[in-house]
Amino acid sequence: MISSRILFSLKNNKLLNTLSEPAKAIVRKMIERQTRRHPLRRANLLHKSYYGTPLDLDTPKTLYDKIILLEIGSDISEWQRLTDKVSARDFVKERGMEHLLNKTYHVLDAMPTFEDFTAMLPDRCVVKTNNSGGSEAVHIIRDKAVTDLKKVYKRLQHNFNDDYGIRTGQPHYQGIKPKIIIERLIENDENPEAPINDYKFMCINGEPQVINVIAERNIKTHQCLDQYYYLDFTRIDWEPQNHQRHIRKPDCLEEMVEAARILAKGFPFVRVDFYESHGKPIFSEMTFTPGYDFFLCTVAEEKLHWGEIMDISGVKIDRSKISPDLY
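Bear in mind that the values here come from a model prediction, so they are computed numbers and not experimental data. Per chain, residue numbering runs from 1 following the sequence as it is written. Residues qualify for local features only when their pLDDT is at least 70, as the model is predicted, and side-chain atom pairs are given and counted only at 80 or more; totals for whole chains, interfaces and linings, by contrast, use all residues. Heavy atoms from the whole structure form the basis of all side-chain values; hydrogens and water molecules are not counted.

### Focus on the sheet that holds strand S8 (residues 269-277)
Part 1 of the argument: Each pair of strands is called paired provided DSSP finds at least two bridges between the two strands. Think of it this way: any DSSP run of H or I at least four residues long counts as a helix, any run of E at least two long counts as a strand, and we number them from the N terminus. Spatially, five strands are ordered S7-S6-S5-S8-S9 in an open sheet, and the strand pairing comes out antiparallel. Two strands in the sheet have a free side with no partner beyond their single neighbour: strand S7 (223-229) and strand S9 (280-287). This sheet shows a mean twist of 25 degrees between the axes of neighbouring strands, independent of strand direction.
Part 2 of the argument: Pairing of strand S6 (residues 207-218) with S7, which is carried by six bridges, proceeds in the antiparallel orientation. Pairing of isoleucine 211 across the sheet is with tyrosine 229, part of S7.
Part 3 of the argument: When checking whether two residues touch, look at their non-hydrogen atoms; a contact exists if any pair is within 4.5 Å. A fitted line through C-alpha atoms serves as each axis, taken over the contacting stretch for helices, and the angle formed by two N-to-C directions is quoted from 0 to 180°. Across the sheet, helix H10 (residues 253-264) lies against strand S5 (198-204), S6, S8 and S9, angled at about 145 degrees from S8, the strand it touches most.

Laid out in structure tokens, this is it:
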């Protein structure tokens, strides 16, 4: 079993990441090709590496056994609706949380011309697509006048046409009609030019369990300050990130916890993300398969026992969908 401590250290080593980027790009392409042919093969190999056993979708025990069983064998139409960053806003409104939504300037159903795109951009904004995961489809414009907008536009075209769900083996991303969102840039209250903190609430059976806080994120290099906290914002002592400096507790922590509880109700597992602006929470997104390469490594089982407490007994599973060809 690979030590989660070693994995974390390697992931956050700046020099190693820089030197290995060309090799990692080649490996990513290889993994994508493999995943297109066999969507569960990589997940199965990772499960063996971290837990010492292959995926068990017949009698699921670990957090990832259960998440992947739901992904492959259950009705994931609601996952798809809430993964779509546009329709997720409607869900937030349905649950009485409209006040948490960020200001949106434009939602586009088709790629505009470059001229139209640049004309509609505010001086400061965020541009992203609704159909991808992670930060790869998020483009931050802090000053329109000095930003390479041609580069942003070219990347946006790629994101818009990306078959993210297929190449990553996450079916609930498939079928999302691509759209472009131009929204308000949420600024760091302490330093407008610095990245904002991202507060990610891991929720099991509709109840927030821990908070993964991402600070000082560099979208280009994927480096960040990555820490975990209990709901009272006591830092959890399990990983090397605890030797890093402490991240500031958000002023609206209690509001975030309650909002996460309201939005997560009814889901065996979901991650609900927020930002903070002027002491108020701002909804970011909901994620049903965060870090599909095992975001907590062995910690979810060894220390949190999430696989044991995650209840999927009420979910209808179609076993005919689980084919050996997926591996």
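### Examining the pairing of S9
Part 1 of the argument: Exposure classes here rest on a 1.4 Å probe applied to the protein chains alone. A residue is buried below 20% of its type maximum, exposed above 50%, and partly exposed in between. With respect to burial, S9 is a largely interior element, seven of its eight residues being buried.
Part 2 of the argument: Note that S8 and S9 share seven bridges and pair antiparallel. When the sheet's bridge partners are listed, arginine 271 is paired in S9 with threonine 287.
Part 3 of the argument: Counting the residues in the hairpin turn of S8 and S9 gives two residues, including histidine 278, whose phi is positive at 50 degrees.

### Quick word on empty space enclosed by the protein
Part 1 of the argument: The rule is simple: put a 1 Å grid over the protein atoms alone, call a set of points where a 1.4 Å probe fits but cannot get out a cavity, call an open set with protein on both sides within 12 Å along at least five of seven lines a pocket, and count a residue as lining if it has an atom within 4 Å of a point. Grid points are joined across faces, edges and corners, and a volume is the space filled by probe spheres set on the points. Taken as a whole and judged by the stated rule, the model has one cavity of 30 Å³ or more.
Part 2 of the argument: If you go around the largest cavity, the residues you meet are Leu82, Thr83, Lys85, Ala88, Phe283, Ser284, Glu285 and Met286.
Part 3 of the argument: Counting only elements with at least two residues in the lining of the largest cavity, the list comes to helix H5 (77-83) and S9.
Part 4 of the argument: When residues in the lining of the largest cavity are grouped by element, the largest group, four residues, is from S9.
Part 5 of the argument: Gly counts as polar in this scheme, as do all residues outside two lists: the nonpolar Ala, Val, Leu, Ile, Met, Phe, Trp, Tyr, Cys and Pro, and the charged Asp, Glu, Lys and Arg. Residues that form the lining of the largest cavity fall into these classes: four nonpolar, two polar and two charged.

### With respect to helix H8 (residues 149-160)
In an α-helix, one turn spans 3.6 residues, which is why side chains three or four residues apart end up on the same side.
Part 1 of the argument: Here, expected helix span is obtained from the residue count minus one, scaled by 1.5 Å. Compared with the 16 Å implied by 1.5 Å per residue over 12 residues, the 16 Å span of H8 between its first and last C-alpha is a close match.
Part 2 of the argument: Turning to H8, its buried residues number three or more, namely Leu149, Val152, Tyr153, Leu156, Asn159 and Phe160. Down the axis of H8, the buried side of the element spans an arc of 120 degrees, and every buried residue falls inside it. Away from its buried face by more than 90 degrees, H8 exposes Lys150, Lys151 and Lys154. Relevant arc is that of directions from the helix axis to the C-beta atoms, nothing else.

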